[in-house]
Amino acid sequence: MEDYIHKRVDRIEFGFMSPKAIKEMASAKIVTPELYDKEGYPVDGGLMDIRLGVIDPGLKCKTCGSKLKECPGHFGYMELARPVVHIKFISLIYDLLRCTCRDCGRILIPKQKIDKCMEDLDHAELEGGLNARRDKIKEIIVELKTVNQCPYCKAKQFKIHLEKPTTFMEEEKKVSPIEVRMRLEKVPDDDLKVFGVNPAALRPEWTILTVMPIPSVTMRPSITLESGERSEDDLTHKLGDIVRINQRLFENINAGAPEIIIEDLWDLLQYHITTFFDNEVSQLPPARHRSGQPLKTLTARIKSKEGRIRHNLAGKRVNFSARTVISPDPKLEINEVGVPKIIAMKLTVPERVTEWNMEYLKQYVSRGPENYPGANYVIRPDGKRKRITSETKEQLLEEIQPGFIVERHLMDGDIAIFNRQPSLHRMSMMCHKIKVLPGLTFRLNPCVCEPYNADFDGDEMNLHIPQTEEARAEAEILMHVPTQIISPRYGLSIIGCNKDAQTGMFVLSKKDFKLTREEAIDLLSSIGITEFSRLPDKEIVTGRDVISVLLPKDFNFTGYSKKYKENKEDPDAIVKIEKGHLKSGVLDNANLGEGQGLLLRTIYKQYGPDFASEFLGRIFRLGNAVLAFTGFTTGIADIDVPSDIKQKIKDIIDQTYAEVDQLIKEYKEGTLETLPGRNMKETLELKILEKLNKARNRSGKIVADNANPDREIMVMIQSGGAGNLLNLAQMSACVGQQAMRGGRISKGYNKRTLSVFKKDDLSPAARGFIKEGFKDGLKPHELFFMSMTGRDSLMDTALRTPKSGYLYRRLANALQDLKIDNDFTVRDASNKIIQFMYGEDGVDVTKSENGRINVKRIIDKVLAED
Amino acid sequence: MARKKKTRSKEQIEIKNHVFVPKHEKCSEAEKKRVLEKYAADLKDFPKISINDPALYTLEAAPGDLIKITRESQTAGKTVFYRVVIEIQ
């Protein structure tokens, strides 16, 4: 066993390095901008000095003696010819200059008030935390700006302002960094505390750089191009500029050059050092490559999405994962995922060799990476990972003994985590069991499309293979599909029966659906049922008998089908299950659907996740099997309308047109009565819109009322499996008004939408009303209006997605560490109370029925038990 | 021209009677102690309310007092919330 030394991070202190500390830490003094000599060897005292660390294989570090990848790199330093301001501390320097005396360096607060000030700060911190203290400091600074006499030495204070980015001006005169540094040196330690500066970690004069630390070569490695040429890192380029200008400044000062030249060089040095720290200072032109792209300097390495924090620290990349297109497979269980063989042979599961499974695992090794199911790697106890190839296979087979780990191919039943972005809720990542299949796509049961929000128009999904026992156990217990059937958002099933299966179950549960016992057995055995004793021993059985075979024997349930809303007296309206037998009611999507109905929730609650999942899988396959058994097709004839009905619809539309004409006439005469808060024009538009919508709804209703409920399209609509009444109305009767921004279409030419209309034509047809249905076909102008709204909504979704994504990111970040404490209060990471009772009622929605607790059901259940 | 500044009394700007304003009450010392104990929390862990908040005009609250707010809730019917009075802002 290895011995580990365990230590705990107590706190992290950030500070600033003094010039002395920089020199002590440095292992080389850098004096020349040259990188390599003629032989290509790093120059001593150059920026690639070998004392700063190794980046070439084979070389040893001159400072620590270790090789590549072992040497962490070492800092160097450079003496600056003239001091330079550190851009990141400009605001601190500015505050200090304005709030301290230019002569004696004391803070511009009289002695007797300082203590009071500190008290105020401590009080603010106690009340509102560190942020409140910082706000208070800002207030003090604002007050001090206007003081014009030092309370200590009575010296007159001048107005100082900052000429951005780095120049300080006092009464139109420039204050050089040397002068600034001298003033900052004079500020006593005690006065700094008022500004929130800890003098032990940061003396203000250190922010005026006199010595420049040179980062190690390991943090700015050069790349050798294919041509053998070396390409240096952006930081090295920038440092080269700094060293070059610095040397020139030195030479000019020593040669006694005129002050203007020195000033210019000094400014240039300031520019280079500023852009070295931050190349995106708003007042400075960014330093660029010869190609014109800006250099990536220190700040750019840390900041924003591509920076160290969000890209490398918060954004983790993983091995043992796969991504491909998804497609549906209704024959899979809902907790399965079909994985292409080619992926199953790339991803592996580590299995530890023991005495008992050695022969078994050797079989995998001997099959190797080419034959499925084989193995790709063998890991020896010392951690060496050996790839299995035809050459190494024999040797590895001999070598293998308990303690080795074999990385074998994926097989049926292995655990995987399946995910689709955007991962907006916990059901976006669920644990599935693997099923290796031919083909190149991931296959999933259509039932789990809803939680992933997936469809099959080219969506891709990711698969992850947990690599340890703990990870697998955790995934299976916490995120297995059966455990996720009930949504924590509304406490109903989010995974339910959909599409064809829904329609099939509806057909099967209809009252008059009959079939012979043989046919029933045929149906049931096709979905994997082999136990038929619960099927009535009769020549002819009903569809409800078939469904009852799947229900648990002691299951009682009362629910409402979609028909309940329209007509409570309908014999199919109330779904009643008694002792595992479906007595009445049809199973439409109000009971089996996603996000509604209590049937699945009740089964989940009573019989557990695994049974619910299996039950759902059976129901789903049974529905599909019924459709395959009875045959189910919808054709163009389904949306045919008898001619008398057609005439009725035409009459309604004609009548509406006449009414609209009347309205327009009134408007033009000015006799139209205006609605409160609207002008004449708005009133007209509103009234027309209302009339037209009414016409569409009325014709839609006529179609729905007269449609034959036994036609397939009506069956689909009634079951909730596909389509709705609006779709049907639009196909067979009238498409209706096309709306843009909540009103009728009014864009296009001057005072008209298309050139086929007269100017100021306000009639329905000229403003985007489509009186035709899809089946009869649209007129040219109607098609044009339809295309307009089609494009508009396409644009709308394309523009809204990134907006809502960012909104969600902010929300998730704001809420990320809220938790429910064990006294039901919601608290944040610092234990501050956000809510005194979770959701104000303390209800765990997952364990409720649509957010409520059904007391009646509980009482009924308790009474039934007696 | 100096015009007389119109001032309203606290009673005149009392907003507590408005239907949208939930009931605000000042907790007694005993109640405050009980609440602090119940939630095992410090006063600084509680949500805050500014002393200048209009709802406090006639309550004569001082910084550090605990205000009990009884709200209508969509989920729970009635719900109790506490805020501690603070000086700043």
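Residues numbered from 1 in each chain as written. Chains lettered and ligands numbered in written order. Predicted model: local features only at pLDDT ≥ 70, side-chain atom pairs only at ≥ 80, totals over all residues. Heavy atoms only, no water.

1. Comments concerning the overall build of chain A
Then, in step 1: Per the secondary structure count, chain A includes 26 helices and 29 strands.
Then, in step 2: Its C-alpha atoms give chain A a radius of gyration of 39 Å, clearly above 29 Å, the size a compact globule of 866 residues would have.
Then, in step 3: Dimensions of chain A, computed from C-alpha atoms along their principal axes, come out at roughly 115 × 100 × 65 Å.
Then, in step 4: Expressed as a percentage of the 866 residues in chain A, the buried residues total 44%. (Helix = DSSP H or I, 4+ residues; strand = E, 2+ residues; numbered from the N terminus. Rg over C-alpha atoms; globule rule 2.2 N^0.38 Å. Buried < 20%, exposed > 50% of the residue type's maximum accessible area, 1.4 Å probe, protein only.)

2. A short note on the overall build of chain B
Then, in step 1: In terms of helices and strands, chain B carries one helix and four strands.
Then, in step 2: For chain B, buried positions account for 31% of its 89 residues.
Then, in step 3: Here the contacts in chain B between residues at least 6 apart in sequence split such that 58% fall between residues at least 24 apart.
Then, in step 4: Carbon and sulfur atoms make up 51% of the accessible area of chain B, which totals about 6500 Å². (Contact = heavy atoms within 4.5 Å. Areas by Shrake-Rupley, 256 points an atom, 1.4 Å probe, with all protein chains shown as cover.)

3. Looking at the packing of aromatic side chains
Then, in step 1: Taken as a whole and assessed by the stated rule, the structure comprises 18 aromatic pairs over all chains.
Then, in step 2: When the centroid spacing of 6.4 Å and the interplanar angle of 10 degrees are considered together, the rings of Phe757 of chain A and Phe785 of chain A count as stacked. Residue Phe757 of chain A is located in the loop between β25 (743-744) and β26 (769-770), and its partner Phe785 of chain A is located in helix α25 (residues 780-815); the two are separated by 28 residues in the primary sequence. Like Phe785 of chain A, Phe757 of chain A is buried.
Then, in step 3: Residues Phe836 of chain A and Phe81 of chain B carry aromatic rings whose centres are separated by 5.0 Å and whose planes lie at 85 degrees to one another, so their mutual orientation is edge-to-face. Separated into two different chains, Phe836 of chain A in the loop between β29 (833-835) and α26 (855-865) and Phe81 of chain B in strand β4 (residues 77-86) make up a pair that spans both.
Then, in step 4: An aromatic cluster of at least three residues, connected via ring pairs, comprises Phe555, Phe557, Tyr607, Phe611 and Phe615 of chain A. (Phe/Tyr/Trp six-rings, centres within 6.5 Å; stacked < 30°, edge-to-face > 60°.)

4. What about the interface of chain A and chain B?
In many reports, interface size means the accessible area that the parts give up when they come together.
Then, in step 1: Taken residue by residue, the interface counts 16 residues in chain A and 19 residues in chain B.
Then, in step 2: On the surface where chain A and chain B come into contact, there are zero salt bridges.
Then, in step 3: The interface formed by chain A and chain B includes four residue pairs in polar contact (both at pLDDT 80 or more).
Then, in step 4: Among the secondary structure elements, those contributing two or more residues to the side of chain A that touches chain B are α3 (111-144) and β29 of chain A. (Salt bridge = Lys/Arg side-chain N within 4 Å of Asp/Glu carboxyl O. Polar contact = N/O pair within 3.5 Å; in protein donor to acceptor, adjacent residues only side chain to side chain.)

5. Let's talk about the sheet that holds strand β1 (residues 23-26) of chain B
Residue and element names in this part refer to chain B.
Then, in step 1: Here we have four strands laid out as an open sheet, ordered β1-β3-β4-β2, and mixed in their pairing. Only two strands of the sheet have a single partner each, and these edge strands are β1 and β2 (48-50). Averaged over all neighbouring strand pairs, the angle between strand axes comes to 40 degrees, with direction disregarded.
Then, in step 2: Across four bridges, the pairing between β1 and strand β3 (residues 66-73) is antiparallel. In the strand pairing of β3, Glu25 is matched with Lys68. (Pairing = 2+ DSSP bridges. Axes fitted to C-alpha atoms, helices over the stretch in contact; angles between N-to-C directions.)

6. Digging into the domain arrangement of chain A
Then, in step 1: You can read the domains of chain A as domain 1 (27-74 + 215-310), domain 2 (85-211), domain 3 (321-484), domain 4 (499-630), domain 5 (636-795) and domain 6 (819-865).
Then, in step 2: Summarising the inter-unit geometry, the C-alpha centres of domain 5 of chain A and domain 6 of chain A are found 47 Å apart. (Domains from an automatic or database assignment.)

7. Regarding helix α21 (residues 643-669) of chain A
All names here are of chain A.
Then, in step 1: In this model, α21 (27 residues) spans 39 Å end to end at C-alpha, consistent with the 39 Å of a helix rising 1.5 Å per residue.
Then, in step 2: The inward-facing, buried residues of α21 abut α22 (680-706) and β26.
Then, in step 3: Phi turns positive one or two residues past the end of α21, at Gly670, with a value near 85 degrees. (Expected span 1.5 Å × (residues − 1).)

8. Quick word on the packing of helix α15 (residues 499-509) of chain A against helix α17 (residues 543-550) of chain A
Residues and elements named next belong to chain A.
Then, in step 1: Direction vectors running N to C along α15 and α17 enclose 120 degrees, while the axes themselves pass 7 Å from each other. Classified by the angle between their axes, α15 and α17 sit oblique to one another. On α17, the residues that touch Met505, Leu508 and Ser509 of α15 are Gly543, Arg544, Val546 and Ile547.
Then, in step 2: Of the residues assigned to the contact of α15 with α17, the class counts are four nonpolar, two polar and one charged. (Parallel < 35°, antiparallel > 145°, perpendicular 65-115°, else oblique. Nonpolar A, V, L, I, M, F, W, Y, C, P; charged D, E, K, R; others polar.)

9. As for the sheet that holds strand β22 (residues 581-584) of chain A
All names here are of chain A.
Then, in step 1: Here three strands make up an open sheet; going across it, the order is β20-β21-β22 and the pairing antiparallel. At either end of the open sheet lies a strand with only one pairing partner, and these are β20 (557-560) and β22. Strand-to-strand, the axes of this sheet are offset by a mean angle of 25 degrees, without reference to chain direction.

10. Some words on a negative patch on the surface
Then, in step 1: Taken together, Glu518, Glu519, Asp522 and Glu539 of chain A make up a surface patch of like negative charges.
Then, in step 2: By the secondary structure assignment, Glu519 of chain A is in helix α16 (residues 517-526). (Patch = residues over 30% accessible without salt bridge, like charges linked within 9 Å, V, L, I, M, F, W, Y side chains within 5 Å. Lys, Arg positive; Asp, Glu negative; His and termini not counted. Charge placed at Lys NZ, Arg CZ, Asp CG, Glu CD.)

11. Some remarks on α16 of chain A
Residue and element names in this part refer to chain A.
Then, in step 1: Taken together, the buried positions of α16 are Arg517, Ala520, Leu523 and Leu524. All buried residues of α16 lie within an arc of 120 degrees about the axis, which places them on one face of the element. Opposite its buried face, α16 presents the exposed residues Glu518 and Asp522, each directed more than 90 degrees away.
Then, in step 2: Lining the buried residues of α16 we find β18 (514-516), β19 (540-542), α17 and α20 (599-630).
Then, in step 3: After α16 finishes, the residue Gly528 shows a positive phi value of roughly 95 degrees. (Arc of directions from axis to C-beta.)

12. Regarding the pattern of salt bridges
Then, in step 1: Summed over all chains, the structure comprises 54 salt bridges over all chains.
Then, in step 2: A salt bridge links Glu263 of chain A to Lys174 of chain A, with the nearest nitrogen and oxygen atoms 3.8 Å apart. Here the residue Glu263 of chain A occupies a position in helix α7 (residues 259-277), and Lys174 of chain A occupies one in strand β4 (residues 173-175), the gap between them amounting to 89 residues.
Then, in step 3: Classification of Glu263 of chain A by relative accessible area gives partly exposed; the value is 27%.
Then, in step 4: Here Lys174 of chain A falls in the partly exposed class, since its relative accessible area comes to 40%.
Then, in step 5: Two residues, Glu25 of chain B and Lys23 of chain B, come together in a salt bridge whose shortest N-O distance is 3.9 Å.
Then, in step 6: What you see here is one network of salt bridges that share partners, running through Arg102, Glu170, Glu179 and Arg183 of chain A.

13. Topic: the nonpolar core
All names here are of chain A.
Then, in step 1: One finds Val339, Phe418, Leu463, Ile495, Leu524 and Leu622 to be the most contacted residues of the largest nonpolar core, which totals 76 residues.
Then, in step 2: In terms of residue count, the dominant contributor to this core is α20 (13 residues).
Then, in step 3: Of the domains in this structure, domain 3 (321-484) and domain 4 (499-630) are the two that each give at least three residues to this core.
Then, in step 4: Not counting residues up to four positions away in its chain, the partners in contact with Phe418 are Ile326, Val337, Ser428, Met429, Met430, His432, Phe442, Leu444, Tyr452, Met461, Asn462 and Leu463.
Then, in step 5: Membership of the second largest hydrophobic core comes to 70 residues, among which are Met78, Cys117, Val180 and Ile245. (Core = buried A, V, L, I, M, F, W, Y, C linked by side-chain atoms within 4.5 Å.)

14. Concerning the pairing of strand β17 (residues 460-464) of chain A
Residues and elements named next belong to chain A.
Then, in step 1: Here strand β8 (residues 321-328) pairs with β17 via five bridges, running antiparallel. Across the sheet, the residue bridging to Ala322 is Leu463, located in β17.
Then, in step 2: Alignment of strand β14 (residues 415-419) against β17, held across three bridges, turns out to be antiparallel. Residue pairing in the sheet places Ile417 in a bridge with His464 of β17.

15. A word on the pairing of β20 of chain A
All names here are of chain A.
Then, in step 1: Of the two faces of β20, the one holding Phe557 and Gly559 is buried and the one holding Thr558 and Tyr560 is not buried anywhere.
Then, in step 2: In the sheet, β20 pairs with strand β21 (residues 574-578) via four bridges, with the strands oriented antiparallel. Pairing of Thr558 across the sheet is with Lys576, part of β21.

16. Things to note about the packing of α22 of chain A against helix α24 (residues 725-732) of chain A
All names here are of chain A.
Then, in step 1: Two numbers describe how α22 lies on α24: the axes approach to 9 Å, and their chain directions differ by 95 degrees. With respect to α24, the axis of α22 lies roughly perpendicular. Here α22 contributes Arg696, Gly700, Val703 and Ala704 to the contact with α24, which in turn contributes Leu725, Leu726, Leu728, Ala729, Gln730 and Ser732.
Then, in step 2: Here the contact of α22 with α24 is composed, by residue class, of six nonpolar, three polar and one charged.

17. Considerations on the environment of Thr634 of chain A
Residues and elements named next belong to chain A.
Then, in step 1: For Thr634, the location among the structural elements is in the loop between α20 and α21.
Then, in step 2: Residue Thr634 is classed as partly exposed on the basis of its relative accessible area, which comes to 37%.
Then, in step 3: Counting along the chain gives 80 residues from Thr634 to Met714, while the straight-line C-alpha distance between them is 9.4 Å.
Then, in step 4: Leaving out residues up to four positions away in the same chain, Thr634 has contacts with Glu712, Ile713 and Met716.
Then, in step 5: There is a polar contact of 2.8 Å between the side chain of Thr634 and the side chain of Asp638.

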